[in-house]
Structures are given as C-alpha cells and as structure tokens.
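# Fold and contact review
Here is how the chains run, residue by residue.
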Amino acid sequence: MPAAAAAPIIRCVQKLVLYETRARYFLVGSNHAETKYRVLKIDRTEPTDLVIIDDKHVYTQQEVRELLGRLDLGNRTKIGQKGSSGLSRAVSAFGVVGFVKFLEGYYIVLITKRRKMADIGGHAIYKIEDTNMIYIPNDTVRITHPDEARYLRIFQNVDLSSNFYFSYSYDLSHSLQYNLTILRMPLEILKTETIQTRQESFDIFEDEGLTAQGGSGVFGICSEPYQKYVWNGQLLDVVKNTVHHDWLLYVIHGFCGQSKLLIYGRPVHVTLIARRSSKFAGTRFLKRGANSEGDVANEVETEQILCDASVMSFSAGSYSSYVQVRGSVPLYWSQDISTMIPKPPITLDQADPFAHIAALHFDQMLQRFGSPIIILNLVKEREKRKHERILSEELVGAVTYLNQFLPPEHAIVYIPWDMAKYTKSKLCNVLDRLNVIAESVVKKTGFFVNRPDSYCSILRPDEKWNELGGFVVPTGRLQTGVLRTNCVDCLDRTNTAQFMVGKCALAYQLYSLGLIDKPNLQFDTDAVRLFEELYEDHGDTLSLQYGGSQLVHRVKTYRKIAPWTQHSKDIMQTLSRYYSNAFSDADRQDSINLFLGVFQPAEGKPHLWELPTDFYLHHKSTMSLSQSRRSYTYWWTQGVLNHLPLPYDEVTCTENRRKLIVKKFHKYEEEIDIHNEFFRPYELSSFDDTFCLAMTNSIRDFMPKNVGIDPSPFTVRKPDETGKSVVGNKNNREETVLQRKTAASAPPPPSEEAASSSSEDDSGTDKEDEGAVSQRSTPVKMTDTSDNVKITENIVQSMKDIYGINLSDVPSEDDLTIYTRFVQLGQNQHKQDKSSQQLCSKHHLDGVINIIHISSFSQDNIYEVQPPKVDKKSIDIFHAHIQAGRGTMQPLIKEDILMYREYIRNRYM
C-alpha cells in the first residue's frame, strides 16, 4: 500500500493554565509534551467588549517561565514585596469551548475534565466531563443587569458533560473517508497549497529550519470543520479571525462508542460515531420537518469505523467505514402539543408545489455524500385515520418532482416500507425483510476501505462482492451515496433499520479486510451481539437527546425474543417520554437556542422567555426576503452533477482547497508525529493513563467461558452458551453495562429527564400485538431453594470440560516414582554448583529418567541460555515483516505466487 502523502496536524494547545491579574487574564497553552507554548492575553478592563491579543509566537518552556516571572513581578502592589503575588493561577484546563456574552460582559468556557472514549489510528477522541465558565471583566468595571443570571442558568442547562466530544488531531465533523482522502492528495497540489499558506500564515516561525535540514519534510494538513455538525462554532466566531487555529477546538454532539472484536487474538476495533446537526436542532415535538434552508430536525450522521488495531497508522493500517443518516421528513410540517394528547395530529404548515425545501436538503446531501441518495421511509401506509400517511404522500410527490430533472443514473431512490404493518403480522419476519433492503442498499452505495482488494478475494471471488457498488480507486474503495432513514420521530424504528444496514455493511467491511471468508454475519454470534449492544447504546443516547427517554422498542423487540419484563420497561419509557415532551421540552429548547446562538440577547430586544414561538429564529426567510431565488428545475448547486457519483466536497477543486491548511514540517516534528503523541516514549507513563480506555471485549463479555468452545466471534451460539449466561459473571457484566450506558448517555437533570408522550414507534404495535409478542417470548422461571443444588452442580465443571480429557483418579506407581525423583532433582539443584550437579546427575539418575531438550536453545536452564543460530533466510523474512509493518511491502516472486495459487486450488477448489 502506498504511503500517505501527508499527515494530520496535531494541535499544540492541549494543556491550558489560566493566570489572573486585576487587569488581564493570561491563557497559557502547551502541547502534551510541554515543549511548545502559546500565550493569549485577555483584557479585563473592557466591560462589554472582548479584547484578545495573540502574538502568534511559539515559546519554549524556559521562555514561558521567564515571561510569567516578569508578569508576576510587575503586577505586585509594591516592588520587591514577596507576600502578595501579582500573578495568580486561576484554573487548569484541556481546551477552550468558546466565548459567550448575554447582557453584560463576556464569559470564557473551559474544559476542565475529559475522558478518552475512543482511539482511531492513534488519534484520541475525548468526551467532555466537566467545564468551567469564568466571567472576564473584573469587579471594578462590571455593569450589572437584572436578567443576566437568568440567561446564565438557561445557557448552563445545556449539559456540556453529556455527550459532547472533541479531538486534538482528528476532525470529528468529517467522515473517515474525507479525512483520509485529503491525506492522499497529489504532492503537486500540496506544494502549491503550501506556498499559498506561507503567504497567509499567522506564525512566521512555523516553517523555520526546514531549509537548513535539507528540505526534507512531511506535509501537514488541517481542514476546516463541517459547520453543520459543530456545536460551538458560534462561541468561537468572535475569536476565529484573531487567534491562531491551534486555539480553536471544535466540539460535536451525539454519541461515540468503541468495542474490541478479538478474532483469534487479532484485535479489531469497532467504533460508532454519531454527529448531531446543530442546524434546526431541538426537542421532539418542538422541532419537526425542515426549516427554510433545508436543514431538518433530529438529523444525525452515524458512521461505523472498522480498523485493524494491530497496526496503528493511517498510512500502513487497514481502515474501513460506512456512513448513514437519519432525519425528519424534509417538508414544512409540525404537531400541535397544546391539546395534551399522546399523538398530536400532523399538520402541513405550508404548500410547496416545487419541493423547494426538499431540493435544498437533497442538494446538501449530494454535495456531502454523492449519489445515489436512498430514502428508506418507514412511516405507516395504511391507517384507519390518516395520520402518518400525510407525510408519505407529500414526500413521494417531492421526490418524483425532483427526479425528473436529475440524470436517471443519479436519481433519488425512494423505498417505502410500512414497518409497523410487518411488525403486527405473525407470518412476516421484520428483520428478514430489513436484511433484504440492507443488502440492496449497501450494494448501491458501497463503503470506504483504504486498501485494495485482497489477492485471496481475486482468486476466490464472491458473487455478492462482485455486485458491490461505490467507487473503486487504486488505494481502495469509496462510498458514493448514502442511505437516509426516517420514520416520524426517527428514533425506535429508525434505529433498528440502521442497525440492520450497519450489520450488513459490517460483514462487507470484515470481508474487505480479510477477516472472514464470506460477506455475511449471522445473529447470535459474538460479533453481532457486540455490534447490537453498541447500536443500542447509540440509540438510547440519541433518543434521550431528542425524545427525552431511552428507546422504547429495540432489536430484540422486533426479533420477538424480548422477555416479558421488557414490556413494563417499554411502558415506563413511553410515560417518561410523554412527561418530558409535555413539561420540560420548552425549557430545553430555549437552552439549545441560546447555546447555538440562534437567539442572541440584546438591550431593547424581547427576552428569550417572552417569545411566543421560535419559528422566526429558525426560518430566516420569514425575517427578510432572499435577493436570489433558486431555480425550480436546476435545483442543485452548480458543479455538483459534474463529479457525481463522487461527493463534491471530496473533489480536488479550487473551492475545496481553500478549506485546507497545508504546511510543511520536518518528519520528526511533534505536530505530525502521531506515534510519539500516542505512545509518549520519552516520558514516564502511568497505568491509569495508558489503560484509561475501557471498552467492551468480545472474548471477555460475550464468548462462552468453557474450554473447547470455538473461540471464533463468528460462530453462532445458543442462548445458554453466551458469556452473559455464566452465573458467576452475570452481576459484574450487568454492572459494567450500566456504568458504560450511564457514562455514554449522561441524562439531563431529573426535572428534565422524565420523558414524554407515547413514542412514534408505539403506533407500530397495538395491544393485540403486544399480547402476541409476550406469548412468543421466553418467561422467566422463578427458582426456589431446591433449585440451588442444580445450580451448584452446573457451576462445578467436569475434568473433561476444563482440560479437554478425562484424567485418571490415581497415577501409577512408576509415574509417582519418576515424579518424586524429578521433585528431588529440582530441590537439590540450587544447592550444588554446576560441576557437582553434573556428576550427581550422572551418578544417581542413569537409567532412571532421560530429560530431552525440546527447546530450540542448545543450553536452556535457569543459569544460562545460548540463543539458537538463525539462518539468513529467516532473518530476511523477519526484516520483510518489519518493513510490512512500516507500510513497505516486498514484491512477491513468481514461486510464491504459484505456491499460493496451488494452496488455494487444493484448499477451496
């Protein structure tokens, strides 16, 4: 595999300390090794404005100490006075979320606690655990306002410790495909961009030393984030053009989880990242449909990433990803919750005969994902009273209108499927039908993998693999197009459908990395159980954020294997969701509007809590008329169709190159050396830091504990064979899952959490259907004291279960004699010197026992070891293995290829 032409730039501001004087704040930021520093000076004498000075200079540790010493000395009340310090340390932090202003002065929001949640190619992804808001102006110039405290409380209702994520070196707002594609840009383009960047660069010292070192270097690339999924973009806008980009730490909201799949000892990391859109964001009934700019409610981009953890490098490692999207139906529609009924009627608020809003939405998707755009619509088609079908009829009309102007090969694919109807039927299997849809979808869109097809898949091709879509490039495959799934709420039904599509894509991803022999995964395997648990955590978290409660219906519900106790939990989640939607969603919506900058307080302007509705805040067209009107026929952005099926955002064009920051570094610079950033070989590491990432493990948490069981995670297990059914580990396992879900979901305060009206997916099953499901489910058997004996017998395993063979009860007399003399030999060995030991062994043990060396070492004992001789061929093989780990593959000779073909022919043909 060819090495990447560039490397991601690692931000050198990872540790921050805020120092305070009466007139200034000094924010000192350093990289993790504390070898490079930057300093921000924040003025505290301005009551309303934010004055920040960044000298763009990179300091050494000694220079920073001297600077702080001079500041301390210069700010003391009396020269030479040692009792009172002129510079005090206010707080330590790990990043700046942003700056915010209400009716008084500015606040700075700092990340004070973080937790590592995932690792992708050595790039750590952190979750915000705690933050600190500090008021910048000092008390002497502060202008008080009576409503400031209320705005502060509303702002802090957005719990930043709940599912907000960031990374210093990996762009979380973009997909893995985008991040690796820009790293493989041609060198000629990178050199051109480097020249332009130097002319516009903030720091005059950043390229210093490259010429003196012979001009050898590596291109570092940093891309602008995709603002749609950035949640602190408005908070950083005030300083974006003032400070160096190392200070700008972009935060996403959604979900991040990672699990380890062990395949015969080979570690494979399965990562799930969900990015929630910051446009038209809000709570369940208060944000429906789309706004005037084509942004839809509850829009979440979910990406599953598969990587071989045995090689940690974007250039030499194996990585694969698949992206899918959920979002509300892109129309003008809403539901009136003032009537306080479980399912408020659906209303189309505005006629849109030319599908203007849908056109804006699908234009965004074509730019980001390419074609085909596939819509999986799960809302009801047959109803006694027309309710959900209103949306289906309108969406069909919009898609039909837009498709008549697109080329047929790039048309929007519309798949309507009434999931609730299939769930009620006793003859149809919901997941079987979803699996058929998933296969057709993945074949159309393909998936991303950063390595070419394996040689074994060429010799032993699979029919399904040959039908796979996407875009094939010399370095691998690209996903073109995306699946967009929706129901009414985009919660329960959508999560199950996305899981089935993700499971199908996971099989193709594992096959592409050479980990399975056919692109197919069965239920009740360790791999699918691990993936299902990851998706349920993902669904619960997203459901809490939008609907106010966890999922009501899960994958087990649609498989009809959920225990009868699950129905009582479903009822409680439904009531929780109803309560949240009715009583606490309005306050949460106000907090989101204030945090995202949708509403900005100002003197003489109505307060946020005085507004009867926020409709005008989210629909910009209601406040001012647009000067330019989009075409009703050519509804896409100019240039998008020219590059389809590839996404326009990933095409190497002038517009996209402007979004990149390209700089040249020496190959050992800390800004691009992810190996040193991850392993930190030059500092003392602690176990707490090294092993801080505790992830689900397929062998520890799912594989049966009996020896002799097939350890493959792709073997179908019986329900009583799984690791969860072991009596000794049950409580620990449940406690671990509960802790991880609590950490991942981090629900809002009790007053806001208790959730809302009946789920939109409740309509998928009625009381009659629930009865049918409970009849098919397995009841829980209550055990009495007489059953304890049976349980104990099951825990005590036989010799054959433990060792694989039946051991005889009493060893023979000859075996005991040999064993006794062997023990005596071991006890006396350390008391005698080597010469007497040899004589003793010859004198006493001749004819009794012969110890034959089975080791490759000629002398192998506790005193000395003589290493074996290694021939030149073995040394060459070992060096080739080392080079392969660094990304340099040795060419196969003709004899090797013939031998491999003969092996495949004999083994599989």
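Criteria and cut-off values
Here the residue numbering is sequential within each chain, running from 1 through the sequence in written order. Only residues with pLDDT of at least 70 are given local features in this predicted model, and only at 80 or more are side-chain atom pairs given and counted; all residues enter the totals for whole chains, interfaces and linings. No hydrogens and no water enter the side-chain calculation; it runs on all heavy atoms of the structure. Numbering of helices and strands runs from the N terminus, with a helix taken as a DSSP run of H or I at least four residues long and a strand as a DSSP run of E at least two residues long. The buried label applies to any residue whose accessible area, calculated with a 1.4 Å probe on protein chains only, is under 20% of its type's maximum; exposed applies above 50%, and partly exposed to all values in between. Whether two residues are in contact is decided by their heavy atoms: any pair within 4.5 Å suffices. Throughout, the Shrake-Rupley method with a 1.4 Å probe supplies accessible areas, and for residues the shown protein chains are the sole cover considered. DSSP calls a pair of strands paired once it identifies at least 2 bridges connecting them. The axes used here are C-alpha line fits, helices contributing only the stretch in contact, and every angle between their N-to-C directions lies in the interval 0 to 180 degrees. Surface patches are defined over residues having more than 30% relative accessible area and no salt bridge, joining like charges when they lie within 9 Å and nonpolar side chains (Val, Leu, Ile, Met, Phe, Trp, Tyr) when within 5 Å. Each salt bridge in this description consists of a side-chain nitrogen of Lys or Arg and a carboxyl oxygen of Asp or Glu lying within 4 Å of one another. Note on charges: Lys and Arg go in the positive column, Asp and Glu in the negative column, and His and the chain ends are not counted at all. For this purpose, a charge sits on NZ of Lys, CZ of Arg, CG of Asp or CD of Glu. The span expected for a helix works out to 1.5 Å for each residue beyond the first.

### Quick look at the overall build of the protein
What the protein contains, in helices and strands, is 31 helices and 25 strands. By the burial criterion, 49% of the 909 residues in the protein qualify as buried. Taking as baseline every contact in the protein between residues at least 6 positions apart, the subset at least 24 positions apart corresponds to 74%. As presented, the protein carries roughly 45,300 Å² of accessible surface, and 54% of it is formed by carbon and sulfur atoms.

### A short note on the sheet that holds strand β11 (residues 218–223)
Pairing between the strands of a sheet comes from backbone hydrogen bonds, and it takes one of two forms, parallel or antiparallel. Here three strands make up an open sheet; going across it, the order is β1-β11-β24 and the pairing mixed. Sheet topology places β1 (6–8) and β24 (660–665) at the edges, where each strand pairs with a single neighbour. Taken over all neighbouring pairs, the strand axes of this sheet differ in orientation by 35 degrees on average, direction set aside. The pairing of β1 with β11 spans three bridges and is parallel. The residue bridging Ala7 from the neighbouring strand is Gly220, located in β11.

### A short note on a positive patch on the surface
A cluster of basic residues, Lys343, Lys384, Arg385 and Lys424, forms a positive patch on the protein surface. Secondary-structure assignment places Lys424 in helix α8 (residues 419–424). A residue is classified by how much of its surface remains accessible, and Lys424, at 37% relative accessible area, is partly exposed.

### Remarks on unusual backbone geometry
In this structure, the amide linkage connecting Ser371 to the following residue, Pro372, adopts the cis form with an omega of 5 degrees. Mapped onto the elements, Pro372 comes out in the loop between α6 (356–369) and β18 (373–377). In the segment running from Leu644 into Pro645, the intervening peptide bond is cis, with an omega of 10 degrees. Mapped onto the fold, Pro645 is located in the loop between α18 (640–643) and α19 (654–657). The backbone of Asn163 sits at a positive phi, close to 65 degrees, despite the residue not being glycine. You can see Asn163 is positioned in the loop between α2 (148–156) and β10 (164–166). The residue Asp524 is not glycine, and still its phi comes out positive at about 65 degrees.

### A look at the pairing of strand β14 (residues 300–308)
Extensive coverage of β14 is indicated by the burial of nine of its nine residues. Here β14 shows a buried face lined by Val300, Thr302, Gln304, Leu306 and Asp308 and a second buried face lined by Glu301, Glu303, Ile305 and Cys307. Alignment of strand β13 (residues 266–276) against β14, held across nine bridges, turns out to be antiparallel. If you follow Val268 over to β14, its bridge partner there is Asp308.

### Digging into helix α7 (residues 389–403)
The end-to-end C-alpha distance of α7 is 21 Å, a good match for the 21 Å that 15 residues give at a rise of 1.5 Å each. If you check which residues of α7 are buried, you get Leu391, Ser392, Leu395, Ala398, Val399, Tyr401, Leu402 and Asn403. Its buried side turned inward, α7 meets β16 (333–335), β17 (346–348), α6, β18, β19 (413–416) and β23 (482–486).

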